[in-house]
Amino acid sequence: MHVLFIDACPRPREQSRSYRLGVAFLDAYVAAHPDARVETMRLDEMQLAPLTGEAEARRSELIDRGRPDNVMFAPARSFALAELIVVCAPYWDFAFPASLKVLIEHVCVRTLTFTYVNDRPVGLCRAQDLVYLTTSGSPIGANNWGGDYLRAVTGGLLGVKRFHQISAEGLDCAAADPETIMKDAIARAQALAAGL
């Protein structure tokens, strides 16, 4: 089982609550599935640049020439081959850090992660499940733009069948007990990992 672990946490790992939640899920998954092979994308180290017009033209040229082996497509190849995708990212500005959106730009590659059939997109990714793990200082409520976006793009374009979200919310609210909230989210993440 090829697991792609996307770490979109900008803060240092010892401070990041989203990373803590992500690692708890991953550890439980590996314990329940000893055959799992984990590939990690740490976005703050990858330093992917947003696609400019010039970069998009180069990408289209490479695709049209049948060159999916180009290094530019490494993130898309990893995403396409993964059998489980795990994303951990904090809830920032009603969504997630920009590095995760930039990664998705690099992942959505015609002929690698999706194609068109009768003018409609058809996903080519192997993963049946995507797990999104996030933490927020305030309640997320109806403003789940990050989770909603990931669900839409991975399910509607890339072909991932099932989307799962575990959130630890309201961690910085005045009356909150952040450690209890985190422990509850970790327990839910561990249960999901064991059940997948």
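Residues numbered from 1 in each chain as written. Predicted model: local features only at pLDDT ≥ 70, side-chain atom pairs only at ≥ 80, totals over all residues. Heavy atoms only, no water.

Asker: Quick question: what am I supposed to make of the pairing of strand β4 (residues 114–117) here?
Answerer: Regular strands place their side chains on alternate faces of the sheet. Pairing of β4 with strand β5 (residues 120–123) involves four bridges; the strand directions are antiparallel. Paired with T115 across the two strands is V122, which belongs to β5. (Pairing = 2+ DSSP bridges. Helix = DSSP H or I, 4+ residues; strand = E, 2+ residues; numbered from the N terminus.)

Asker: Explain the nonpolar core to me, please; I cannot follow it from the model alone.
Answerer: One recurring pattern in soluble globular proteins: nonpolar side chains tend to sit buried together. Ranked by internal contacts, the top residues of the largest apolar core, which has 27 residues, are I6, F79, I85 and L100. When contributions to this core are tallied by element, the ones reaching two or more residues are β1 (2–7), β3 (84–88), α5 (98–107), β6 (129–135) and α6 (145–156). With four residues, α5 is the single largest residue contributor to this core. Contacts of I85, omitting those with residues within four sequence positions, involve L4, I6, F79, A127, D129, L130, V131 and V160. (Core = buried A, V, L, I, M, F, W, Y, C linked by side-chain atoms within 4.5 Å. Buried < 20%, exposed > 50% of the residue type's maximum accessible area, 1.4 Å probe, protein only. Contact = heavy atoms within 4.5 Å.)

Asker: Sorry if this is basic, but what is going on with the environment of L81 here?
Answerer: Along the polypeptide, L81 turns up in helix α4 (residues 74–81). For L81, a relative accessible area of 46% corresponds to the partly exposed category. In this structure the C-alpha to C-alpha distance between L81 and L103, which are 22 residues apart in sequence, comes to 16 Å. Beyond its immediate stretch of four places on either side in the chain, L81 contacts H2 and R126.

Asker: For this particular structure, what's the right way to read the pattern of salt bridges?
Answerer: Note that side chains of opposite charge can pair when their charged atoms are close. Summed over the entire model, instances satisfying the criterion amount to 14 salt bridges. Note that R13 is salt-bridged to D44, the shortest N-O span being 3.4 Å. Of this pair, R13 sits in the loop between β1 and α1 (17–32) while D44 sits in helix α2 (residues 43–46), placing them 31 residues apart in sequence. For R13, a relative accessible area of 15% corresponds to the buried category. On the accessibility criterion, D44 (32% relative accessible area) is partly exposed. A salt bridge links D44 to R42, with the shortest nitrogen-to-oxygen separation between them at 3.0 Å. A single salt-bridge network, built from bridges that share partners, covers D7, R13, R42, D44 and E45. (Salt bridge = Lys/Arg side-chain N within 4 Å of Asp/Glu carboxyl O.)

Asker: Looking at this structure, I do not really get the packing of aromatic side chains. What am I missing?
Answerer: Between two aromatic rings, the relevant description is the distance of the centres plus the angle of the planes. In this structure the tally under the stated criterion is five aromatic pairs. Ring geometry for Y91 against F94: centres 6.4 Å apart, planes inclined by 25°, an arrangement best described as stacked. Judged by its relative accessible area of 11%, Y91 is buried. Summarising the aromatic geometry, the rings of F114 and Y116 are spaced 5.6 Å apart at their centres and angled 90° between planes, so their arrangement reads as edge-to-face. Exposure remark for F114: the relative accessible area of 7% places this residue in the buried category. (Phe/Tyr/Trp six-rings, centres within 6.5 Å; stacked < 30°, edge-to-face > 60°.)

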